[in-house]
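Chain by chain, the residues run as shown.
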Amino acid sequence: MIFIGFESGVISLSKNLETLNDCIFGEVNKILYTLGLYDTLQKFGNPQVSGSYSLKMMTWRDLDIYLESDTISNKEFFDLGKEISLLLSPSKMSYRNELIGKTPHLPNGLYWGVHTNLFGQRWKIDISAIGPGEVKEKQNEVEKLKDRIDNAKRKSILSLKNQLHSNPKYRKKFFSVDIYDAVINNNIKSLEQFDEWIYIKKGIEL
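Note that the structure is a prediction, hence the values are computed from the model and not measured.

Colleague: Give a description of the packing of aromatic side chains that names residues and reports values.
Modeller: The final tally for this structure, using the stated rule, is eleven aromatic pairs. Note on Trp60 and Tyr170: the rings are 5.4 Å apart at their centroids and 75° apart in plane angle, and the pair reads as edge-to-face. Residue Trp60 is found in the loop between helix 3 (51–55) and strand 2 (62–68), and its partner Tyr170 is found in the loop between helix 7 (151–164) and helix 8 (176–186); the two are separated by 110 residues along the sequence. Accessibility expressed as a relative area gives 9% for Tyr170, which makes it buried. Relative to Trp197, the ring of Phe194 has its centre 5.7 Å away and its plane inclined at 35°; by these criteria the two rings are tilted. Taken together, the residues Phe194 and Trp197, both in helix 9 (residues 191–202) and three residues apart, mark about one turn of the helix. Both residues of the pair, Phe194 and Trp197, belong to the buried class. The rings of Trp60, Tyr170, Phe174, Phe194 and Trp197 are connected pair by pair, giving a single aromatic cluster. For Lys30, the ring lying beneath its charged end belongs to Phe119, and the centroid distance is 5.6 Å.

Colleague: Account for helix 8, naming residues and giving values.
Modeller: With eight of eleven residues buried, helix 8 lies mostly within the body of the structure. All of the buried residues along helix 8 are Ser176, Asp178, Ile179, Tyr180, Asp181, Ala182, Val183 and Ile184. Next to the buried residues of helix 8 lie helix 3, helix 6 (132–148), helix 7 and helix 9. Immediately downstream of helix 8, the backbone of Asn187 shows phi near 60°, a positive value.

Colleague: Which residues make up the sheet that holds strand 4 (residues 110–118), and what values go with them?
Modeller: The five strands lie next to each other as 1-2-5-4-3, forming an open sheet whose pairing is mixed. A single partner strand is all that each edge strand has here, and the edge strands are strand 1 (46–50) and strand 3 (92–97). For this sheet, the mean inter-axis angle between neighbouring strands, taken without regard to orientation, is 20°. Here strand 2 runs beside strand 5 (residues 121–130); their pairing, made up of seven bridges, is parallel. What sits directly across from Tyr66, in strand 5, is Ser128. Sheet contacts for helix 4 (residues 74–88): strand 2, strand 3, strand 4 and strand 5; angle to strand 4, the most-contacted strand, approximately 5°.

Analysis parameters
- Residues numbered from 1 in each chain as written.
- Predicted model: local features only at pLDDT ≥ 70, side-chain atom pairs only at ≥ 80, totals over all residues.
- Heavy atoms only, no water.
- Phe/Tyr/Trp six-rings, centres within 6.5 Å; stacked < 30°, edge-to-face > 60°.
- Helix = DSSP H or I, 4+ residues; strand = E, 2+ residues; numbered from the N terminus.
- Buried < 20%, exposed > 50% of the residue type's maximum accessible area, 1.4 Å probe, protein only.
- Lys NZ or Arg CZ within 6 Å of the ring centre and 35° of its normal.
- Contact = heavy atoms within 4.5 Å.
- Pairing = 2+ DSSP bridges.
- Axes fitted to C-alpha atoms, helices over the stretch in contact; angles between N-to-C directions.

Below is the structure:
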């Protein structure tokens, strides 16, 4: 069964999806440069904003940042967490040490998951402190995706992301990378096609 979340801000028309993308993209810049998250992160490493922000394909308020550092300690990372809590007033922050946990699909480093309300909207900000080699690898993957997304594929990706982000299996059973894979490599254009494709590929029923 296909699950579609109709929350505030979920828009289906491609023109409005571009408007939504522009709105969220602008909010990210405010978080980074007006509120000062970028400067805060720079105290601890080299911040690299990635994911849908780098692709300029944002349909929900979820920001991925890699903090490039191969020397940051747990103590320093908790010092960073304190500064983030004072800066963004989060309702919740979650910590992971994936140098120990080694969870599949997650960056191999230290992690803060920040849940907060900004500009009247709920935001989730993922911050992973990882080494330069892994940062370069992940950013190269994003650049490769950019080169393969034309206007038609862009519309399909935005539409699918918009419809799927509230699915309870998203980020547990399937991920954004699956949406990109489906559209770019398999010419998937609709939710119905994705539903069939993800079942064949991973045995997941939406």
